[in-house]
Number of protein chains: 2
Amino acid sequence: MKKVFFAIISVFTTLVMWANGYVVNPNSTITFTIKAPKADTVKVAGSFSRGGLEMIKDDSGVWTVTTDTIEADMQYYWFVVDGVKTIDPENPFTVRDEDMLFNILLMPGEQSDKYNVADVPHGDVAAVWYDSPTMKMNRRMIIYTPAEYLSNPDKRYPVLYLLHGMGGDEGAWVGLGRTPSILDNMIASGEIDPMIVVMPNGNVIQEAAPGVTSEGLYNTSGSRSKGEFNLYEKSFADIVNYVDSNYRTLADARHRAIAGLSMGGGHAWRVDLNYPEMFEYVGMFSSAFGWNGQKTVGAEFYKDEVTNRFENNQLPSLYWIAIGAEDFLYDNNSDYRKILDDLNVKYEYYESAGGHSWSNWRLYLTKFLPMLFK
Amino acid sequence: MKKVFFAIISVFTTLVMWANGYVVNPNSTITFTIKAPKADTVKVAGSFSRGGLEMIKDDSGVWTVTTDTIEADMQYYWFVVDGVKTIDPENPFTVRDEDMLFNILLMPGEQSDKYNVADVPHGDVAAVWYDSPTMKMNRRMIIYTPAEYLSNPDKRYPVLYLLHGMGGDEGAWVGLGRTPSILDNMIASGEIDPMIVVMPNGNVIQEAAPGVTSEGLYNTSGSRSKGEFNLYEKSFADIVNYVDSNYRTLADARHRAIAGLSMGGGHAWRVDLNYPEMFEYVGMFSSAFGWNGQKTVGAEFYKDEVTNRFENNQLPSLYWIAIGAEDFLYDNNSDYRKILDDLNVKYEYYESAGGHSWSNWRLYLTKFLPMLFK
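Residues numbered from 1 in each chain as written. Chains lettered and ligands numbered in written order. Predicted model: local features only at pLDDT ≥ 70, side-chain atom pairs only at ≥ 80, totals over all residues. Heavy atoms only, no water.

Draft legend 1. Examining the sheet that holds strand β1 (residues 21–24) of chain A more closely. All names here are of chain A. If you walk across this open sheet you meet the four strands as β1-β2-β6-β5, and the pairing is antiparallel. For this open sheet the edge positions go to β1 and β5 (56–57), each flanked by a neighbour on one side alone. As paired strands, strand β2 (residues 30–35) and strand β6 (residues 62–66) are joined by five bridges and run antiparallel to one another. Each bridged residue has a counterpart across the sheet, and for T31 the counterpart in β6 is T66. (Pairing = 2+ DSSP bridges. Helix = DSSP H or I, 4+ residues; strand = E, 2+ residues; numbered from the N terminus.)

See below:
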């Protein structure tokens, strides 16, 4: 009922106020429109269609297309008008990913309702700067504290460290990951207990996200894989130290989790190798195992290091590997799982449909969170 | 030298990597380019040209135009390709203002250097939620704490409350106002002492900025002037109470300032009328004096209230009125100044060139800050 009502309102709004934009239809398709009377071809492309869907022009110069059924998820899109990439002039909501900007929308549904800003208590989100003596830099990270944090001045909280992938930065899990909303909603529903979430910048040569560093409004390409290999992972004690010093944390391994996606999954993996006593919960989402600072050489390359870690130190309470069946890193993950199997290391494995996508990483976060701090 | 070097790098980068984008030339003009081979007309519009500058196509389908000299300031722009508004596909840095999105760039210079993220210690920026019993809402605001805040756990700080205008929200002074950079830079240069800056949401019916409320990714028009008149101003004690409870503030009038732009200047004015003992520093930037919840009826309408406030309570240490010579509210401001003159109320007056613009509001903030907490 709510959904139908929303659709009616949207159609009404569209007819009255908008020439462009999008409408979520009751049958879970989306109708996109954009006014471009002089264009010869217009497409809409995005998370539901990489190549783009051809749009049709009416007599008033408004282009329209209705998609197939679209998954309940955060979707992103853009228009291509006569070959020029164009943000929807009627939708001011965008997310930046590296040097790409695209519009976002939320297809309603059970899973994506977790990503929506709902009428529940909201945690605070702070962009903070910490000193890293190891990296000899002042660096930026984003920290989520649960809604109840300030009204419980004597209570201490567990901490999840959540790491972005290549091309991302400290804002990735906020913007694309919808982490504050996921935490707000899952805490409010009782699925998880309140926790602090720390989202650092994982790029070795980058003090902060593009646009908020002393490099100014610089173009974002090129900083991805530069810098001393393993330096960030080794510096992780600087991050944990800052958080434990400035927030009311439960400052022991049983109340610390680390997880990351892609490159960040590799970071989580290597931080655990560097600091085997620091985290009782390790999550590797679509991880690149065996990145050597230049390319992915495979987990086999690090077999001795892995063997050594599990022979000499306790296995974390949760060692969680998640990957999509279509992910280009699927074999890389299988190889690492085989190493763990050979070593008789117990881990949890979650395989989803799909590939190397934020759709999966948001899903993995919602699966990972309820297993923490038990 | 630095500027020339920057320009050389930019040209080089443009030739090698970009088909589109912009280049800041050494003579303080900007060359814009965008590839649109099929278009018949392309313009670039923005803060330097509302109507837009016609661009010229070369044989490869790349459109170019070089502007006149452009002021050292944050500038915003967009392209119009065959009538369709288009964000620069090569510049991922944008700011949202109400339901408009546009690209930003910084023209270097003495004043705009204050707006740049420089290599100085950075303060933290937190989006927090506070309860307003007066408004019966949980509401969002953004709080800047100076870089030294966490390393001085016993030190208390003065607070500036900084209010946005109509159509804006708690993010306006961060994105368009460049407030965190202005504070970082002016603290680092010694022009001002460290302070906390609190940027609340001033829209009566809006708990938070569009996109981060339980209304979801809703279109932003229409919430501007709705809701009970003067309710937000009356609720200001809720905000101050939250800040004094959760931050290390110097919690007295001598260490509290309030300022706002346009509607927010009217808010600052009325908060002072409602709470004459709360602030020793009041700044009204391009203020609308005499808004009655529906329209601007003029300060004369509130003459009794103003007379009463200054007859019965002390004048703040600084009562600062700033307006541009071309501002549509110029006469409205002159009328209010005449009321103050008639009452023999001492105030400071700053008149700039230009009109009702962020260019002036950023300037006013840099003029207002050094006068505070003396």
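Read on, since the account is not over.
Draft legend 2. Looking closely at helix α8 (residues 330–342) of chain B. Residue and element names in this part refer to chain B. An ideal rise of 1.5 Å per residue puts 18 Å on 13 residues; α8 measures up with 18 Å between its terminal C-alpha atoms. For α8, the complete set of buried residues consists of N332, N333, Y336, R337, I339 and L340. One face of α8 carries all of its buried residues, which in axial projection span an arc of 155 degrees. Along α8, the residues that are exposed and aim more than 90 degrees away from the buried face are D331 and K338. Of the surrounding elements, those touching the buried residues of α8 are α6 (263–274), α7 (303–312), β17 (318–324) and β18 (348–352). (Expected span 1.5 Å × (residues − 1). Buried < 20%, exposed > 50% of the residue type's maximum accessible area, 1.4 Å probe, protein only. Arc of directions from axis to C-beta. Contact = heavy atoms within 4.5 Å.)

Draft legend 3. Here's a closer look at the interface of chain A and chain B. Between chain A and chain B, the residue contacts involve 49 residues of the former and 49 residues of the latter. When the buried surface of chain A facing chain B is broken down by residue, P92(A), F93(A) and L217(A) rank first, second and third, together holding 17% of it. Our count for the chain A to chain B interface comes out at two salt bridges. A salt bridge links K38(A) to D40(B); its shortest N-O distance comes to 3.9 Å. One can count four residue pairs in polar contact (both at pLDDT 80 or more) joining chain A with chain B. Where the side of chain A that touches chain B is concerned, the elements lending two or more residues are β2, β8 (84–86), β9 (94–97), β10 (100–106), β11 (124–132) and α5 (236–246) of chain A. (Buried area = accessible area lost by both parts, 1.4 Å probe. Salt bridge = Lys/Arg side-chain N within 4 Å of Asp/Glu carboxyl O. Polar contact = N/O pair within 3.5 Å; in protein donor to acceptor, adjacent residues only side chain to side chain.)

Draft legend 4. Structural detail: helix α9 (residues 358–368) of chain A. Taken across its 11 residues, α9(A) has nine buried, putting it largely inside the fold. Among the residues making up α9(A), those that are buried are W358(A), N360(A), W361(A), R362(A), L363(A), Y364(A), L365(A), T366(A) and F368(A).

Draft legend 5. The arrangement of the side chain of D169(B) in detail. All names here are of chain B. In this fold, D169 is placed in the loop between β13 (159–163) and α2 (172–175). Separated by 2.8 Å, the side chain of D169 and the backbone nitrogen of G171 make a polar contact. Leave out the neighbours within four places in its chain, and D169 touches R96, H164, N201, N203, Q206, A209 and P210.

That's the geometry; what it means functionally is another story.
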